[in-house]
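So the chains spell out like this:
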Amino acid sequence: MSARSDVVDWALECYHDLDFGVVHGWLEEESGRTAAGYLPVYAPREIIHACGMLPVGIYGGGDQLEIIRGDAFYQSYICHLPRSVVELAQSGRLDFLSAMLFPSTCDVIRNLSGMWQLLFPEQYVRYLDLPHQRNTELGGAFWERELRTLLKDLGEVSGRTATEEDLKRSIGVYREVRHLILELYRVRREEPWLVPTEELYLLMRAAEVVPPETFLEQGRAYLEAVHAEPGRRRDNSRVVIVGAFCEQPPLGLIKTIERAGCYIVDDDFLVGNRLLEQDVPTDGDPVRALADTFIRHASKTSILYEPDPAGKRHLMAERVAAAGADGVIFAAPSFCDPALLDRPMLRAGAEAEGIPCIAFKYSENSGQFQQFREQAGTFSDAIKLWGGT
Amino acid sequence: MAAEKASWVHKDRSMELQKKMIARHFERLERAPRCGEPVVYTFVPGNLTELIRSFGALPVLPEINALQSGMRGKSKDYIAAAERAGHSEDVCTYVKCDIGMLKSGNIGPTGTKLPDPDLLLLSYTGCYTFMKWFELLREEYNCPTVFLQVPYQGDGRLAPEHREYITDQIRKDLIPALEQVTGRSYDEDLLRHHLGLAAETEDHLVAVLESAKNRPSPIDAYFGGVYYVGPIFSAFRGTEEGVEYYKELRSEVEARVAAGLGPITPDGPLNDQRFRLVVEGPPNWTSFREFWRMFSEEHAVVVASTYTKVGGTYDFGFRHDPDDPLGTMADYCGGCYTNLNLPSRIDMLVTYIRDYEADGFLINSVKSCNSFSAGQLMMLREVEKRTGIPGAFIESDLVDPRYFSAANIKNRIESYLQMLAARAGAA
Amino acid sequence: MKCFVGIDLGSTTTKAVVLGSDGAILGRGITNSRSNYDLAAKVAREEAFITARFGLLRQKVEEAAGPQLLDHLLKAFRLSQTLAQLHRLRQLVADEIERTVADHLSAGALAAINEIFDATETEEEAWFADDDPEPRSDFFRDAAGSAYMRYAEEIADPDGVSFDLLVGLYDKCIIRVENEPLELGFRHHINSALQRIGDPAEVDSAVQAARDAELEEEKTVGTGYGRARLPFPKEQIRSEILCHGLGAHTLFPGTRTVLDIGGQDTKAIQVDGNGIVTSFQMNDRCAAGCGRYLGYIADEMNIGLHELGPLAQKSTRYVKINSTCTVFAGAELRERLSLGENREDILAGLHRAIILRAMSLLARSGGIDEEFTFTGGVARNPAAVKALRQLCDETYGARTLNISADSIFTGALGAALFAHREVRA
């Protein structure tokens, strides 16, 4: 067993464990500990953490969970994620959560917040209306007040009112987390053979459920190990994955893309963990700092209004350039409004700049990868044959 | 058949009035670029018609155009055009219909050309798709866009700070944008005048909607209701024409109440009403009459519907208040049906079933609209639990004819009504 | 006697049930649905009256001559019906040859079909004479068709009267036979049946009584997917949901939940103590997870639909299947096979996937209450039943699960009961 595979095995175990054993372990370590769940895409984990709670990302049940109760709540034309979230909850697997946050990712998650209020009246439920106004005077003030409400409410839920110092400490912890994530992505981008996408992805998934300190430890150990055990370089194309920010593709699909000849050198899997593109300052009022950083430095994503039309048009080109990629794979969950409504605009922007693109849809429990293998393989070959532009 | 047709063709004066108002509006829109009248596109939920009008601008409501395209049998081709251009088959068909219409010459529902917008007023009220819709239109029209974020009532109320956020945005963002686009300055007195007219219009509309508490109900509050809310949802709230229309409508409805008559349906007057229903969800527009007939043939009348509240929940007491122009607009936006959380929507259905003495309720779940549809199965269950009345659940779409399976829907409606009858018989 | 008839016009079969004035079941009839709905309903009704008349003479014949004779009489009756249909089919095929087959082939074709029909008749006689015959479909089109094809294949000449020619003739004419009224009733065939078994004198009076019994159709109610196309006035049409609920309640009075999985749709129904439906849910317009899905799988595996369940029963585990989309059924199956999964385990997974879809409809309709009845074609599939039992146990706890051998008649029974109730009321 190598250091690297130890970390990967650990992350894989976190990924497969639909009973959140690692969270239970943390909760049981000390009496009075509490956890708050949040749905994709973005939740201010600093706030949760500052109240002494463990932030737990709830990303559905993947392809392992059999849906028995969840389908009773959703029509066939609604994406898969909420079914498996409801399934997890109805089977008691989320009973450990004292609070559940529903960010304004889309109307399905929004409405789930109301369902949750009725299904689990004993849990604290909050809908987080992210600010779309990108100026601090309007959007910033709004978001700051939302964050203050959340901070106060979660303090009551956990029984631990966060002080300014607590919040600054948490901001510091998540700054480190973000730095580590960005470092992992940097290595991945620059030497993709060192960090296979599936391993990077598993680490990101683990980061959503384990205490941040644990992630920092494991992630750093992994980074050290990858240089000692470089993988084989392959003649792969380099692609950016766009659209997979909420309902997650099955691990098999991520592996399939890479094995079909595409290095995924940038993606928006679990993008909430790096949505803030700048550090949150810790001088001054920390709540205001968190709010301002969101307003000024949230990365462009389908879940937020984009005030600048040109920003949207150039987004793919910017991301492709930053990642040194050859093309874009638009991979969206079936029936995903944010990803699918944004796709024509993003794609037109990419194609206007001569960036090769392909698009497909998946769901978290897609069981057949043949079609993805063929598409990604053909795409990779085409890029190699005819080049990026 | 002939007799039925004749009775359908029979039109109340209010219908004629509405038809003329709408025709005039679209003619004016067609002339707008020549006449220098600025045009503002905005959405029905959270539409700030009074404010737009106070700047001398004309509103265009893309959802209304899309549903009209659906009723006129044009949506299929429009949607196909949008899908060919890369829009997913999974997303809202209003958007695709609108984009398809744009790509096909932008001829509006009355056959006149729609002007390009001078401003896109993105009143973000309870529907995620709105945001993408105007981002998409912005690509086509290259005009300024103002984003007005209306916080969702996640806790079942519009918090004071949310109200303030909306008024701040109107004051600091929207009004300056309107001033710039129209070249006029903000005229609060004129705005108050329009808001006063709006309140008057709303009084009449509420009287019309509440007339359904009578037996027989003089209106169908869903299939007829969508016509009744037409003017107030589109461009005529806060206008003299709007007041005139609603006065006329109200007097017709009151006359039917006095005479003990039901509404006119595609099958003629529905005086013998065997089922009183409450309906949740938008109708299907491509087979609107066929859909309506599935109810009227079974002598079912809809006494209340939530869809007719997407442009405002006036029957729960809200009126535009000329004394607090910005605050009242914030309250209006926050309170639109689409902006209510699921528990509030359930409360509303339960209230309707109780207050309108309904025998049953039906949810028409449309594929297009996650804002409406996600969670409706839970609503079904909760309303059943709280009222003891079983509900019906059918699935269709707004304007995509591929998702209207007449046999399947008819089967469900018939089965449901027979079930209600059997239960009533057994009781 | 006054009778009450229920007709269930389904997408693949049409069923009829006849009730007596006391509401007891007198007879059941079934036929394949066809383009002429009116005729399908007529055939099913006639079949139901035939079994009703056989029911009337059963006791007396058994007393007078023992159960074996009754069985012989019934088989002889069925043979007589079958021969009448074969005869008509032969005529039609012969006419068709005369009209459409080229002169140089027509004599050969005529000889061929005579040979085929002679052989088929002999085979039918043998089948009905057999005390333990091979099981086969009850429908004329299937039985006659399979024999015809076999013989046609044997005698076809690729350079002359080809197999395709013979098949074409059959396909054209079987539809005509099915869609024209042919006398197949009790009175038309009972005499020839008696003759075939040697006119036993001891049953004479019983047969006479059954033949002469006045079975007066007091009221008929239609239901089923095609009910709107039945030539009945609107008041005589009931939704199949209501009929299924009432039918299941009558078969198993303790029933509170009914699950029906048919070819095209799945229904979850809750009923009260009187069989009145209190809530129901149906699958959406997509046929995923219905019987049709199993049909695609059977076709893909090139086995009979009835073999699927028993094969799945041989599995030791199940493979998780995430999609019951009919469009992807084949692809899913092939991908699983290519991954090295074994056929039985995949099939077990497919059955579980179908039942999972049904479970979500059941949950939407209000769950599974104590005493639960499973009807429809899929209820005859043991692997589906096993999966349902398992999932029901896991989700709701132990429940009594009823499955009737006559579950296919549940809807027709409910319709007949509505007819009966209304006249009584």
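Residues numbered from 1 in each chain as written. Chains lettered and ligands numbered in written order. Predicted model: local features only at pLDDT ≥ 70, side-chain atom pairs only at ≥ 80, totals over all residues. Heavy atoms only, no water.

(A) View of the overall build of chain B. Across its full length, chain B carries 18 helices and ten strands. Here chain B holds 427 residues, and the buried ones make up 67% of them. Restricting to contacts in chain B with at least 6 residues of sequence separation, those with at least 24 account for 78%. Total accessible area computed for chain B in this model is approximately 13,500 Å², and 49% of it derives from carbon and sulfur atoms. The distance from the centre of the 47 positive side-chain charges to the centre of the 59 negative ones in chain B is 4 Å. (Helix = DSSP H or I, 4+ residues; strand = E, 2+ residues; numbered from the N terminus. Buried < 20%, exposed > 50% of the residue type's maximum accessible area, 1.4 Å probe, protein only. Contact = heavy atoms within 4.5 Å. Areas by Shrake-Rupley, 256 points an atom, 1.4 Å probe, with all protein chains shown as cover. Lys, Arg positive; Asp, Glu negative; His and termini not counted. Charge placed at Lys NZ, Arg CZ, Asp CG, Glu CD.)

(B) The arrangement of the sheet that holds strand β7 (residues 277–282) of chain C in detail. All names here are of chain C. Pairing is mixed across the open sheet formed by five strands, whose spatial order is β7-β6-β5-β8-β9. Looking at the sheet topology across the chains shown, the edges are occupied by β7 and β9 (401–402). In the packing of helix α13 (residues 382–396) onto the sheet, the strands contacted are β5 (257–261), β8 (372–375) and β9, and the crossing angle to β8 comes to about 155°. (Pairing = 2+ DSSP bridges. Axes fitted to C-alpha atoms, helices over the stretch in contact; angles between N-to-C directions.)

(C) Broad picture of the interface of chain C and chain B. On the chain B side, the residues contacting the 20 residues of chain C number 21 residues. For the pair chain C and chain B, the summed buried surface comes to about 1,900 Å²; carbon and sulfur atoms form 51% of the total. Across the salt bridge formed by C:Lys234 and B:Glu298, the nearest N and O atoms sit 2.8 Å from each other. Across the chain C-chain B interface, the total number found is six residue pairs in polar contact (both at pLDDT 80 or more). (Buried area = accessible area lost by both parts, 1.4 Å probe. Salt bridge = Lys/Arg side-chain N within 4 Å of Asp/Glu carboxyl O. Polar contact = N/O pair within 3.5 Å; in protein donor to acceptor, adjacent residues only side chain to side chain.)

(D) Region of interest: the interface of chain B and chain A. The partner chain A presents 52 residues to the 57 residues of chain B that form the contact. Across the chain B-chain A interface, the total number found is eight salt bridges. Across the pair A:Lys361 and B:Glu89 runs a salt bridge whose closest N-O atoms are separated by 3.6 Å. Residues that form the side of chain B that touches chain A fall into these classes: 21 nonpolar, 19 polar and 17 charged. (Nonpolar A, V, L, I, M, F, W, Y, C, P; charged D, E, K, R; others polar.)

(E) Structural view of a negative patch on the surface. Residue and element names in this part refer to chain C. On the surface, Asp130, Asp131, Asp132 and Glu134 cluster together to form a negatively charged patch. Inspection of the secondary structure puts Glu134 in the loop between α3 (103–129) and α4 (140–155). Overall, the relative accessible area of 63% leaves Glu134 in the exposed class. (Patch = residues over 30% accessible without salt bridge, like charges linked within 9 Å, V, L, I, M, F, W, Y side chains within 5 Å.)

(F) A look at helix α13 (residues 288–296) of chain B. For α13(B), the tally of buried residues reaches seven of nine residues, placing the bulk of the element in the interior. Within α13(B), the full set of buried residues consists of B:Phe288, B:Phe291, B:Trp292, B:Arg293, B:Met294, B:Phe295 and B:Ser296.

(G) Here's a closer look at the pairing of strand β10 (residues 391–396) of chain B. All names here are of chain B. Across the six residues of β10, six count as buried, placing the element largely inside the fold. Here β10 shows no split at all, with Gly391, Phe393 and Glu395 on one side and Ala392, Ile394 and Ser396 on the other all buried. Taken together, the six bridges between strand β9 (residues 360–366) and β10 define a ladder with parallel strand orientation. Note that in β10 the partner of Leu362 across the bridge is Ala392.

(H) Broad picture of the packing of aromatic side chains. Applying the stated criterion to the full structure yields 45 aromatic pairs over all chains. Taken together, a centroid distance of 5.7 Å and an interplanar angle of 50° make the contact between B:Phe316 and B:Tyr352 tilted. Taken as a pair, B:Phe316 in the loop between β8 (300–305) and α14 (325–335) and B:Tyr352 in helix α15 (residues 342–355) lie far apart in primary sequence, 36 residues in all. Exposure remark for B:Phe316: the relative accessible area of 44% places this residue in the partly exposed category. Taking the relative accessible area as the measure of exposure, B:Tyr352 reaches 2% and is therefore buried. Each ring, one from C:Phe117 and one from C:Tyr148, has its centre 5.7 Å from the other, and the planes form 65°; the classification is edge-to-face. Taken together, the residues span a long stretch of sequence, with C:Phe117 in helix α3 and C:Tyr148 in helix α4 at a distance of 31 residues. With respect to burial, C:Phe117 and C:Tyr148 carry one shared label: buried. Every member of this aromatic cluster is reached through a ring pair, and the members are B:Tyr222, B:Phe223, B:Tyr227, B:Trp285, B:Phe288, B:Phe291, B:Trp292, B:Phe295, B:Tyr307, B:Tyr337, B:Phe372 and B:Phe404. (Phe/Tyr/Trp six-rings, centres within 6.5 Å; stacked < 30°, edge-to-face > 60°.)

(I) Structural context of the environment of C:Leu165. Residue and element names in this part refer to chain C. In this fold, Leu165 is placed in helix α5 (residues 163–178). For Leu165, a relative accessible area of 23% puts it in the partly exposed group. With 13 residues separating them in the primary sequence, Leu165 and Ala152 have C-alpha atoms 9.6 Å apart. The contacts of Leu165, once residues within four sequence positions are left out, are Val101 and Leu105.

(J) Structural context of the packing of helix α2 (residues 67–100) of chain C against α5(C). Residues and elements named next belong to chain C. Where α2 contacts α5, the axes come no closer than 9 Å and their chain directions differ by 130°. Judged by the angle between their axes, α2 and α5 are oblique. At the point where α2 passes α5, the crossing takes the right-handed sense. Facing Arg88, Leu89, Leu92, Val93, Glu96, Ile97 and Arg99 of α2, the residues of α5 in contact are Leu169, Tyr170, Lys172, Cys173, Ile174, Arg176 and Val177. Its residues placed into classes, the contact of α2 with α5 shows nine nonpolar, no polar and five charged. (Parallel < 35°, antiparallel > 145°, perpendicular 65-115°, else oblique. Left-handed = near helix turned anticlockwise from the far one by under 90°.)

(K) Quick look at the confidence of the model for chain B. All names here are of chain B. Overall, the predicted model of chain B reaches an average pLDDT of 95, with 97% of residues at or above 70. Note that pLDDT drops below 50 for residues 1–9; the model gives that stretch 13 contacts with residues more than four away or on any other chain. If you check the scores for this complex, the pTM reads 0.92 and the ipTM reads 0.96. (pLDDT = per-residue confidence, 0-100.)

(L) Representation of the sheet that holds strand β2 (residues 58–60) of chain B in the model. Residue and element names in this part refer to chain B. Spatial strand order, β2-β1-β3-β4: four strands in an open sheet with parallel pairing. Only two strands of the sheet have a single partner each, and these edge strands are β2 and β4 (145–149). Averaged over all pairs of adjacent strands, the angle between their axes in this sheet comes to 25°, without regard to strand direction. As paired elements, strand β3 (residues 119–124) and β4 share five bridges and run parallel to each other. Residue Leu121 lies in a different strand from β4, and its bridge partner there is Val146. Running over the sheet, helix α8 (residues 160–182) touches β1 (39–42), β3 and β4 and is turned about 165° from β4.

(M) Spatial organisation of the pairing of β1(B). All names here are of chain B. Covered by surrounding structure in β1 are Val39 and Tyr41 together with Val40 and Thr42, the residues of both alternating faces. Direction of pairing for β1 relative to β2: parallel, over a ladder of three bridges. Bridged to Val40 within β2 is Pro59. Running through helix α3 (residues 49–54), the crossover from β1 to the neighbouring parallel element β2 is right-handed. (Right-handed = clockwise from strand over helix to strand, strands pointing away.)

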